[in-house]
Amino acid sequence: MSAQWRERLRTDVPASLVVVLVALPLSLGIAVASGAPVLAGLISAVIGGIVAGALGGSVVQVSGPAAGLTLIVAQTVATFGWRGACAITVAAGVLQLGLGASRVARAALAVSPAIVHGMLAGVGVVIVLSQVHVLLGDAPQASALANLRELPAELLHNHTPAVFVGVLTLVVLWGWRAVPSIAGIVPAPLAAIVIGTAVAAATGWDLQRVDIPDDILALDMGPVWPDASPSVFLAAVGAVALVASVESLLCAVAVDRMHDGPRVNLDRELAGQGAANIVAGALGGLPVAGVIVRSTTNVKAGGRSRLSTVLHGVWILVLVLAAAPVIELIPLPALAALLVYTGVQMVNLTHAQQVHQHREMPVYVLTMLSVVVLGLFEGVLVGMGCALLLSIWRLTHATVRAYADEHGWHVAIEGSLTFLAVPQLTRSLAQVPTGVAVGVELNADFMDHAAVTALHDWRTAHERGGGSVEVHELHHNWYADAITGRRSPARKVHPTAWLLPRVHRAVPHGARERLARGARLFHRHGARRVGPLLAELARTGQQPTQLFITCADSRIVTSMITSTGPGDLFTVRNVGNLVPRHDDGDHDGSVQAAMDFALHVLQVRTITVCGHSGCGALAALLRPATGATPMPDLRRWLRHAQPSLHRGGLPEGDGDHLTRLCQRNVVQQLENLMTYPAVAERVRDGRLELVGMYFDIATSRIHLLDPTHSRFTPVSIS
């Protein structure tokens, strides 16, 4: 047996057993809540693990009956009967298989997360309202509103043993974290179901329990074509396929961020989900989808390959065949309590907060309420309509503000300036007094001809009246290009590119005033964008994963060329991006101090040395010193780059002499890093990676060092 397979068995077998402990009770509860046979949930758990796990595009995602599908499955069963619902599941799987083969999986990611989170929250509310009645020993009503109306009477007048078992299960679920020594080994759902079942068995109470057919292998629950019009049938198929696909793909993307193994192939994942639904529906199971709770459990338990996902399905099959009498001891109120807990968890406050931060709360709330009141499919349609209207409003909305401060009059314009915004624009511009100097800060995503004309007409009239207007554009040069006849580029610059450099060119004053001007622009625009992130970093502290060593050259803007933000890079800048050798005692120690902090406190996982074209420090190294050296400290510092003059390791054809020297210097500094014991030890253990980078300023291209072929290769744009 190869070392790779031994490692898989060591990590994936225990992980699969942990996933079973979470998946088994949830599969039973979802089947009961969906109005389907209990065995259908177990069949789908097995098929989701084996088929979707083996054929899907994610190596760690675990599929099975999903709480997010509970409402739509219940509606399908109520409309078409159970075997008709199985036929719809098969047809939905065929549709998913076709969509996966058509490579359109990424289109599902275009659905706003506010809609998805609102849909799941609405489903959670519906599950809670229906399963509370089961927990109380009664049957749920036909709708969420009916369940809500009947709930007060149930709570006041129902004190049966079912209530005790259900409440006990809920208490265990919510209080299990209080015993972390056990909670780390036994999942809360399993513990709650075991305790609830044990109490019900010990007391001998007459409670409804799980019912599994005696002849499990008879498989007489297969699909039957429902007696319904083709349009109604196809609408149900589309609804099941849409919800199952979106939930699976979003789950796969979320789980992909949690592990460092192979990345997810979304088209293959969609096709794998389709294949699983075809098999599940044919065998009488519930629709299958990727489940975030099981997938997260799999990753946290150490699952690294498909083996853990597939084995979890195998273990459930073994349990069903070998321990059906034990499963039948589980009381339905305990499963209902588990679903109430799951439903509450689906109303995720973290997701709601994220939606609120992006100003999409109306979409979230309207989707959730529509799912509760109207139904799942109708709720999603309402949410999509609301998201579309919100997008249109944002595309046509602009903020225009005219104000005066100690520095004079200003007009701040943000958003999309179309003809719809012209009345607001002219109304605000009219507030500026005649004959004053005005600074216009134009941060426009788009300007159409009507907006450009309105702004230019006002500027012309204001200047004729003795005033002056200075327009500073922070992104596109919409206005400048329009009035000069040039065509504005379609691509936006990096959002930090405008902060100081453009201010320094635009304000013909002293250095202090230029910096103050830049600070004011940051307060008005940049601070609003990064303020919440900086506040969070101030509270939690910095946690960068990379030490970035680069040159002090003013043309190198690290955040811009790496598309990083606050808290991402721990940066060291010096002349020539140099790293003195560890055994060189004659240096200032600042680089070593930064490395000590980065390795031992921040626990960075990458050290990058970034050189650049036309480095003045290395150009000085090429020029021999003559007479009295005017910069003795610089010459003394540059001796750390002296070995780069004589080293090989890069093809002679890679650019001119200075370019080759700049690139060889990066390689030399990486070798200097390896003279530090802490760096060498972490590299050998696989805890640290050293990366060489070269930035060509003239072409704005980044090149990464390929250590295998000892050359710098440009990063692909695609």
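Refer to the structure above for everything that follows.
Remember, predicted model here, so these are calculated numbers, not experimental data.

Let's talk about the sheet that holds strand 8 (residues 569–574)
Now for step 1: The 6 strands lie next to each other as 8-7-9-10-11-12, forming an open sheet whose pairing is mixed. In this open sheet, the two strands that pair with only one neighbour each are strand 8 and strand 12 (711–714). Neighbour to neighbour, the strand axes of the sheet diverge by 25 degrees on average, direction disregarded.
Now for step 2: Both strand 10 (residues 689–696) and strand 11 (residues 701–706) contribute to a ladder of 4 bridges, which runs antiparallel. In the sheet register, Phe 695 faces strand 11, and the bridge partner there is Ile 702.
Now for step 3: This element, helix 28 (residues 657–673), spans strand 7 (546–551), strand 9 (606–612), strand 10, strand 11 and strand 12 of the sheet and lies at about 165 degrees to strand 10.

Section: the environment of Gly 576
Now for step 1: By secondary structure assignment, the location of Gly 576 is in the loop between strand 8 and helix 25 (590–600).
Now for step 2: You can call Gly 576 buried: its relative accessible area is 0%.
Now for step 3: Between the alpha carbons of Gly 576 and Val 666 there is a distance of 9.3 Å; along the sequence they are 90 residues apart.
Now for step 4: Contact partners of Gly 576, with chain neighbours within four places excluded, come to Cys 551, Cys 615, Ala 617 and Asn 665.

Here's the deal with the pattern of salt bridges
Now for step 1: Tallying each qualifying case throughout the model produces 8 salt bridges.
Now for step 2: Taking the shortest distance from any N to any O, the salt bridge between Arg 555 and Asp 553 comes out at 2.8 Å.
Now for step 3: When its relative accessible area of 43% is taken as the criterion, Arg 555 is described as partly exposed.
Now for step 4: Arg 636 is the partner of Asp 633 in a salt bridge, and the nearest nitrogen-oxygen pair spans 2.2 Å. Taken together, the positions of Asp 633 and Arg 636, both in helix 27 (residues 632–638) and 3 residues apart, correspond to about one turn of that helix.
Now for step 5: A relative accessible area of 53% means that Asp 633 is categorised as exposed.

Quick notes on the side chain of Thr 608
Now for step 1: For Thr 608, the location among the structural elements is in strand 9.
Now for step 2: Residue class for Thr 608 comes out buried when judged on its relative accessible area of 2%.
Now for step 3: At 2.4 Å, the side chain of Thr 608 forms a polar contact with the side chain of Gln 546.

Some points on helix 28
Now for step 1: The terminal C-alpha atoms of helix 28, which comprises 17 residues, lie 24 Å apart, in line with the 24 Å expected from a rise of 1.5 Å per residue.
Now for step 2: Among the 17 residues in helix 28, 14 count as buried, and that is most of the element.

Remarks on the packing of helix 2 (residues 38–55) against helix 13 (residues 306–322)
Now for step 1: Where helix 2 meets helix 13, the closest approach of the two axes is 8 Å, and the angle between their N-to-C directions is 155 degrees. One element, helix 2, and the other, helix 13, form an angle in the roughly antiparallel class. Between helix 2 and helix 13 lies a crossing of left-handed hand. Contacts from Leu 39, Leu 42, Ala 45, Val 46, Gly 49, Ile 50, Gly 53, Ala 54 and Leu 55 of helix 2 reach helix 13 at Arg 306, Thr 309, Val 310, His 312, Gly 313, Val 314, Ile 316, Leu 317 and Val 320.
Now for step 2: When the residues that make up the contact of helix 2 with helix 13 are grouped by side-chain class, the tally is 12 nonpolar, 5 polar and 1 charged.

Considering helix 17 (residues 361–373)
Now for step 1: Counted at 1.5 Å a residue, the expected span for helix 17 with its 13 residues is 18 Å, and the 18 Å between its end C-alpha atoms agrees.
Now for step 2: Among the residues making up helix 17, those that are buried are Val 363, Tyr 364, Thr 367, Met 368, Ser 370, Val 371 and Val 372.
Now for step 3: Elements in contact with the buried residues of helix 17: helix 3 (70–80), helix 5 (113–135), helix 6 (144–157), helix 16 (349–357) and helix 18 (376–395).
Now for step 4: Where helix 17 terminates, the next one or two residues include Gly 375, which has phi positive at roughly 130 degrees.

Some remarks on empty space enclosed by the protein
Now for step 1: For the structure on display, the rule yields 3 cavities of 30 Å³ or more.
Now for step 2: The space that makes up the largest cavity amounts to roughly 50 Å³.
Now for step 3: Every residue lining the largest cavity is listed: Ile 72, Val 73, Thr 76, Trp 82, Ala 85, Ile 88, Thr 89, Val 240 and Pro 287.
Now for step 4: Among the elements of the structure, helix 3 and helix 4 (82–101) are those that each provide at least two residues to the lining of the largest cavity.
Now for step 5: With 4 residues, the single largest contributor to the lining of the largest cavity is helix 4.
Now for step 6: Considered class by class, the residues forming the lining of the largest cavity number 7 nonpolar, 2 polar and no charged.
Now for step 7: There is about 40 Å³ of room inside the second largest cavity.

With respect to the packing of helix 17 against helix 18
Now for step 1: In contact at an axis separation of 7 Å, helix 17 and helix 18 are set at 160 degrees when each is read in the N-to-C sense. Between helix 17 and helix 18, the interaxial angle falls into the category roughly antiparallel. Regarding helix 17 and helix 18, the two cross each other, and that crossing is right-handed. Residues Pro 362, Val 363, Leu 366, Thr 367, Ser 370 and Val 371 of helix 17 pack against Leu 376, Gly 379, Val 382, Gly 383, Cys 386, Ala 387 and Leu 390 of helix 18.

Some remarks on the sheet that holds strand 5 (residues 437–447)
Two orientations exist for strands paired in a sheet by backbone hydrogen bonds: parallel and antiparallel.
Now for step 1: Within the open sheet, the 4 strands sit side by side as 3-4-5-6. Their pairing is mixed. Looking along the sheet, the strands with just one partner apiece sit at the ends: strand 3 (398–405) and strand 6 (468–473). Each strand axis lies, on average, 15 degrees off the axis of its neighbour in the sheet, ignoring direction.
Now for step 2: Pairing analysis gives 6 bridges linking strand 5 to strand 6, with the strands arranged parallel. Directly across from Leu 442, in strand 6, lies its bridge partner Glu 473.

What about the packing of aromatic side chains?
Now for step 1: Taken as a whole and judged by the stated rule, the model has 5 aromatic pairs.
Now for step 2: Aromatic pair Phe 570 and Phe 597: ring centres 5.7 Å apart, planes at 35 degrees, arrangement tilted. On the criterion of sequence distance, the pair formed by Phe 570 in strand 8 and Phe 597 in helix 25 is long-range, its members being 27 residues apart.
Now for step 3: Take Phe 597: its relative accessible area is 34%, and that puts it in the partly exposed class.
Now for step 4: Between the NZ or CZ atom of Arg 401 and the centre of the ring of Tyr 403, over which it lies, the distance is 4.3 Å.

Thresholds, definitions, all that
Residues numbered from 1 in each chain as written. Predicted model: local features only at pLDDT ≥ 70, side-chain atom pairs only at ≥ 80, totals over all residues. Heavy atoms only, no water. Pairing = 2+ DSSP bridges. Helix = DSSP H or I, 4+ residues; strand = E, 2+ residues; numbered from the N terminus. Axes fitted to C-alpha atoms, helices over the stretch in contact; angles between N-to-C directions. Contact = heavy atoms within 4.5 Å. Buried < 20%, exposed > 50% of the residue type's maximum accessible area, 1.4 Å probe, protein only. Salt bridge = Lys/Arg side-chain N within 4 Å of Asp/Glu carboxyl O. Polar contact = N/O pair within 3.5 Å; in protein donor to acceptor, adjacent residues only side chain to side chain. Expected span 1.5 Å × (residues − 1). Parallel < 35°, antiparallel > 145°, perpendicular 65-115°, else oblique. Left-handed = near helix turned anticlockwise from the far one by under 90°. Nonpolar A, V, L, I, M, F, W, Y, C, P; charged D, E, K, R; others polar. 1 Å grid on protein atoms, 1.4 Å probe; cavity = no way out; pocket = protein on both sides within 12 Å on 5 of 7 lines; lining within 4 Å. Points joined across faces, edges and corners; volume = space filled by probe spheres on them. Phe/Tyr/Trp six-rings, centres within 6.5 Å; stacked < 30°, edge-to-face > 60°. Lys NZ or Arg CZ within 6 Å of the ring centre and 35° of its normal.

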